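Results of the structural survey
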Amino acid sequence: METKFTDSEWFYWVRLSVKVAVVVGVVYVAYHFYERSRIANMGREPEVKRIELPKDVFAFVPKSNVTDLAAARRKLVGKPLWVKEGYRWSYEPGGRLFGPIEQIVPTSVEARGREAVIAFDKDGGKATFVIGTPDRVFVDDIFFVKDPREIYDHWTDEMWAAAGNGQAEIGMSEIQIGFALGVGETVRQSPGGTTRIVDYRQCREAGLDPVRVTYRHHVATAIEPITN
């Protein structure tokens, strides 16, 4: 039996066919351009955003490899040490704090009960500092065993002067500001540590105003005073 369409039905089917043809055409053209772009980019290296890091990050920091009392006696006596984090570690007598990159020269290493202690001359007298236990000492966590001026020999005289004067400025590296203001406390950081916010409060010990420093890729991008 032959099916007959009215004029309105024919018009409906014609419109539907046109719409389907347009959609198919658009999909075909989009896929065609996608394939052309994919083929054109085959073999190309993906564009990588270059990030400039301060040279400090790549500086080689030698280790003492001193892990116990016996090794400390052999390797530390008579050899200069430089404090890594100023205003963090206290020594006796008086509970005074080491300043940033302060230098000491151990004159002896002693066991006092369960403590391993280094002795050194300070202000005309004998001072002592606990470096761990006879079985486990922590020299490399506390001291440089090589002069920081040799480790960071790419710094200019002006950069060393700024650190020595307790100056913190935008554009300085985290190592420089640490040498200027001493130990800092991380209050916030982004995933992966790309951006870090660090408070420097202990610098009050040297009469310096505490500040909050924002670092991006180990370089200071903002410095704000801490008022509380």
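Below or above, wherever it landed, is the structure these notes cover. Numbering of residues starts from 1 in each chain and follows the order in which that chain's sequence is written. Predicted model: local features are reported for residues with pLDDT of at least 70 only, side-chain atom pairs are reported and counted for 80 or more only, and whole-chain, interface and lining totals are derived from all residues. Note that water and hydrogens are dropped before the side-chain values are worked out from all heavy atoms of the structure.

1. Structural notes on the packing of aromatic side chains
- Aromatic rings from Phe, Tyr and Trp, with only the six-membered ring used for Trp, were paired whenever their centres fell within 6.5 Å, and each pair was classed as stacked if the ring planes differed by under 30 degrees, edge-to-face if by over 60, and tilted otherwise. The tally for this structure, following the rule as stated, stands at 13 aromatic pairs.
- Here a set of aromatic residues connected by ring pairs shows up, and it is made of Trp-89, Tyr-91, Phe-98, Phe-120, Phe-129 and Phe-143.
- When the ring centre of Phe-144 is taken as origin, the NZ or CZ atom of Lys-84, which lies over that ring, is 5.4 Å away. Each ring is checked for a lysine NZ or an arginine CZ that lies within 6 Å of its centre and within 35 degrees of its normal; such an atom marks a charge sitting over the ring.

2. Notes on the layout of surface pockets
- Quantified by volume, the largest pocket comes out at close to 470 Å³.
- For the lining of the largest pocket, the secondary structure elements donating two or more residues are helix H6 (174-181) and strand S11 (195-200).
- In terms of residue count, the dominant contributor to the lining of the largest pocket is H6 (four residues).
- Note that Gly is not counted as nonpolar here; it falls among the polar residues with everything else outside the nonpolar set of Ala, Val, Leu, Ile, Met, Phe, Trp, Tyr, Cys and Pro and the charged set of Asp, Glu, Lys and Arg. Its residues assigned to classes, the lining of the largest pocket shows 11 nonpolar, five polar and six charged. Note on definitions: the grid is 1 Å and covers protein atoms alone; a cavity is a set of points where a 1.4 Å probe fits but cannot get out; a pocket is an open set with protein on both sides within 12 Å along at least five of seven lines; lining residues have an atom within 4 Å of a point. Grid points are joined across faces, edges and corners, and a volume is the space filled by probe spheres set on the points. To qualify as a helix, a DSSP run of H or I must reach at least 4 residues; to qualify as a strand, a run of E must reach at least 2; elements of each kind are numbered from the N terminus.

3. Examining the nonpolar core
- Counting residues in hydrophobic clusters, the biggest one holds 21 residues, and the most contacted among them are Phe-129, Ile-131 and Phe-143.
- Within the residue set of this core, elements represented by two or more residues are helix H2 (69-76), strand S1 (81-83), strand S6 (115-122), strand S7 (125-133) and helix H3 (139-142).
- No other element matches H2, which puts four residues into this core.
- The criterion used for residue contact is that any of the two residues' heavy atoms lie within 4.5 Å. With near-sequence residues (within four places) excluded, Phe-143 lies in contact with Leu-81, Trp-82, Val-83, Lys-84, Ile-104, Ile-118, Phe-129 and Ile-131. Only buried Ala, Val, Leu, Ile, Met, Phe, Trp, Tyr and Cys residues count toward a nonpolar core, and they belong to the same one when joined by side-chain atoms within 4.5 Å. Only protein chains enter the accessibility calculation, which uses a 1.4 Å probe. A residue is then buried if its area is under 20% of the maximum for its type, exposed if over 50%, and partly exposed in between.

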